[in-house]
Amino acid sequence: AAKLRNDGAVVYDSSIDKASEQSLSLLTELRNAIERNEFRLFVQPKIHFDTGEVVGAEALVRWVHPERGNVFPDQFIPFAEQTGFIRKLTRWVLEQSAALCQDLEAAGLHVKVSVNLSTRDLMDQDLPTKFRELLERRRLSASSFCLEITESAIMDDPVRAEQTLARLHAMGVELSIDDFGTGYSSLAYLKRLPVNELKIDKSFVLNMESDAGDVMIVRSTIQLGHNLGLRVVAEGVESEAVWHQLKSMNCDQGQGYYMSRPIPADQLLLWMQQWRAP
Ligand code: C2E
Ligand code: CA
Ligand code: CA
Ligand code: CA
């Protein structure tokens, strides 16, 4: 890129060029990935502690790149958010999740599918309408879905986020606050927003077995959630010991490697047939 220096000279900075070239090609690749069918819908089961039943599944996207192989969301979601590509990806995820919902309903199973939304999605005025059209086309009830939103996504533009969330909630879709405890100034919004679920961030859950501080945080968060009338979900359950800890604390649902890693969406039915709660 050509840059104007303070002394008026024009200099050429090739490092900027390289970086922008790389991001331009990543954007092109992401755009092509939808047409080339390179995204895969993975899901991770959510288990009800009291009954041991699978009550939900979180949709997690994977990118199977022809050269780079499996690309994890952390490597392209932030970029997709910056560039606005995330809106297209979110619609793809919603479409795939709706197809999964149909399959589950056909099998007589009631599993709520959770989809992650980003800041950009909350700023997208068309999203509620697009979502309603999808439900009608697939003949699905809005209550088959839960939408997960992080605190930071709401804080970016709370007024607009609140409008979008209110419209979605009025349709009957459930809302969840994701990564709870990692953001800030969330409590005031928790009271105001029409949320149904609070998801305790895995950073507090992973080491519950050995960290008394984490146990305290998790216990208090469960109480806080319940006092606000919310369902509380713990993510990052990696051991049977933590499963029992959470269950004894009256946590509602758990999700984590101990039960299952994220699996391809078309394997969920089979997984459910084999699942036995501890
Ligand atoms: P997230 O929404 O907090 O999703 C949970 C992440 O924790 C997933 O990582 C999941 O695989 C991982 N996880 C689940 N159980 C355990 C466990 O027991 N131990 C550990 N160490 N990790 C566990 P994943 O699939 O790599 O996704 C990372 C993030 O990328 C997600 O975090 C979410 O923020 C974002 N993401 C993934 N798919 C989508 C999507 O379709 N749309 C949007 N907007 N974001 C997505
Ligand atoms: Ca999530
Ligand atoms: Ca999370
Ligand atoms: Ca309970």
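About the thresholds
- Residues numbered from 1 in each chain as written.
- Chains lettered and ligands numbered in written order.
- Predicted model: local features only at pLDDT ≥ 70, side-chain atom pairs only at ≥ 80, totals over all residues.
- Heavy atoms only, no water.
- Donors = N, O, S within 2.8 Å, 3.2 Å for Na, K, Ca; no water.
- Helix = DSSP H or I, 4+ residues; strand = E, 2+ residues; numbered from the N terminus.
- Buried < 20%, exposed > 50% of the residue type's maximum accessible area, 1.4 Å probe, protein only.
- Core = buried A, V, L, I, M, F, W, Y, C linked by side-chain atoms within 4.5 Å.
- Contact = heavy atoms within 4.5 Å.
- Near = heavy atom within 4 Å.
- Polar contact = N/O pair within 3.5 Å; in protein donor to acceptor, adjacent residues only side chain to side chain.
- Areas by Shrake-Rupley, 256 points an atom, 1.4 Å probe, with all protein chains shown as cover.
- Nonpolar A, V, L, I, M, F, W, Y, C, P; charged D, E, K, R; others polar.
- Expected span 1.5 Å × (residues − 1).
- Pairing = 2+ DSSP bridges.

The name an unreviewed UniProt entry gives the protein chain is EAL domain-containing protein, with Rugamonas apoptosis as the organism.

This part takes up the coordination of the calcium ion (ligand 4). Each protein donor to the calcium ion (ligand 4) is listed here as Asp50 (OD), Asp50 (OD) and Asn250 (OD1); together their distances run 2.4 to 2.9 Å. Taken together, the positions of Asp50 in the loop between strand E3 (39–48) and strand E4 (54–65) and Asn250 in the loop between helix H11 (240–248) and strand E11 (253–255) put the pair 200 residues apart, joining distant regions of the chain. With relative accessibility at 47%, the residue Asn250 sits in the partly exposed group.

Formed by 82 residues in total, the largest nonpolar core has its most connected members in Phe39, Leu122, Phe131, Phe145, Val205, Val218 and Leu246. The contacts of Phe145, once residues within four sequence positions are left out, are Ser97, Ala98, Cys101, Lys112, Val113, Val115, Phe131, Leu135, Leu140, Val173 and Glu174.

What surrounds ligand 1 is a group of 22 residues, the closest being Gln44, Arg62, Lys202, Glu238 and Tyr257. Asp179 has a polar side-chain atom sitting 3.3 Å from an oxygen atom of ligand 1. Contact distances for ligand 1 include 3.0 Å between an oxygen atom and a side-chain N or O atom of Lys202. Against a free-state accessible area of 800 Å², the protein chains account for coverage of 87% of ligand 1. Put simply, the parts of the chain that give the shell around ligand 1 at least two residues each are E4, helix H3 (86–106) and strand E8 (174–180). Top contributing element to the shell around ligand 1 by residue count: E4, with four residues. For the shell around ligand 1, the residue count by class is 10 nonpolar, four polar and eight charged.

A word on unusual backbone geometry. Glycine aside, the phi torsion of most residues is negative, and most peptide linkages are trans. In the Ramachandran plot, Asn37 falls in the positive-phi region, its phi being about 65 degrees despite a non-glycine side chain. Residue classification places Asn37 among the partly exposed residues on the basis of a relative accessible area of 49%. Positive phi values are uncommon outside glycine, yet Asn250 reaches one of about 70 degrees.

This paragraph deals with the coordination of the calcium ion (ligand 2). Protein coordination of the calcium ion (ligand 2) is provided by Glu58 (OE), Asn116 (OD1), Glu148 (OE) and Asp178 (OD), with donor distances spanning 2.2 to 2.3 Å. Each donor residue of the calcium ion (ligand 2) belongs to the same chain, with the gaps between them written as E-x57-N-x31-E-x29-D. A separation of 4.0 Å is found between the calcium ion (ligand 2) and the calcium ion (ligand 3), which are bridged by Asp178. One end of the pair, Glu58, is in strand E4; the other, Asp178, is in strand E8, and 120 residues separate them in sequence. In this structure, Glu58 and Asp178 share a single accessibility class: buried.

Moving on to H3. If you check H3, its first and last C-alpha atoms are 30 Å apart, about what 21 residues at 1.5 Å a residue would give, namely 30 Å. Along H3, the positions that sit buried rather than exposed are Ile86, Leu89, Thr90, Trp92, Val93, Leu94, Ser97, Ala98, Leu100, Cys101 and Leu104. Just downstream of H3, Gly108 is the residue with a positive phi angle, here 75 degrees.

With 10 of 12 residues buried, E4 is to be regarded as a mostly interior element. Relative to E4, E3 runs antiparallel, the two sharing nine bridges. From the neighbouring strand, Gln44 faces E4, where its bridge partner is Glu58. The turn linking E3 back onto E4 is made up of five residues, and Gly52 within it adopts a positive phi angle of 75 degrees. Taken together, the three bridges between E4 and strand E6 (residues 112–116) define a ladder with parallel strand orientation. In the sheet register, Glu58 faces E6, and the bridge partner there is Ser114. As defined by bridge partners, E4 adjoins strand E5 (residues 69–71) across three bridges and the pair is classed as antiparallel. In the strand pairing of E5, Val64 is matched with Asn70. Between E4 and E5, which pair antiparallel and follow one another directly, the connecting turn spans three residues.

Turning our attention to the side chain of Gln255. Locating Gln255 in the fold gives a position in strand E11. Only 2.7 Å separates the side chain of Gln255 from the side chain of Glu58, close enough to count as a polar contact. Setting aside chain neighbours within four positions, we find Gln255 in contact with Gln44, Pro45, Lys46, Glu58, Lys199, Ala234, Glu235, Gly236 and Val237.

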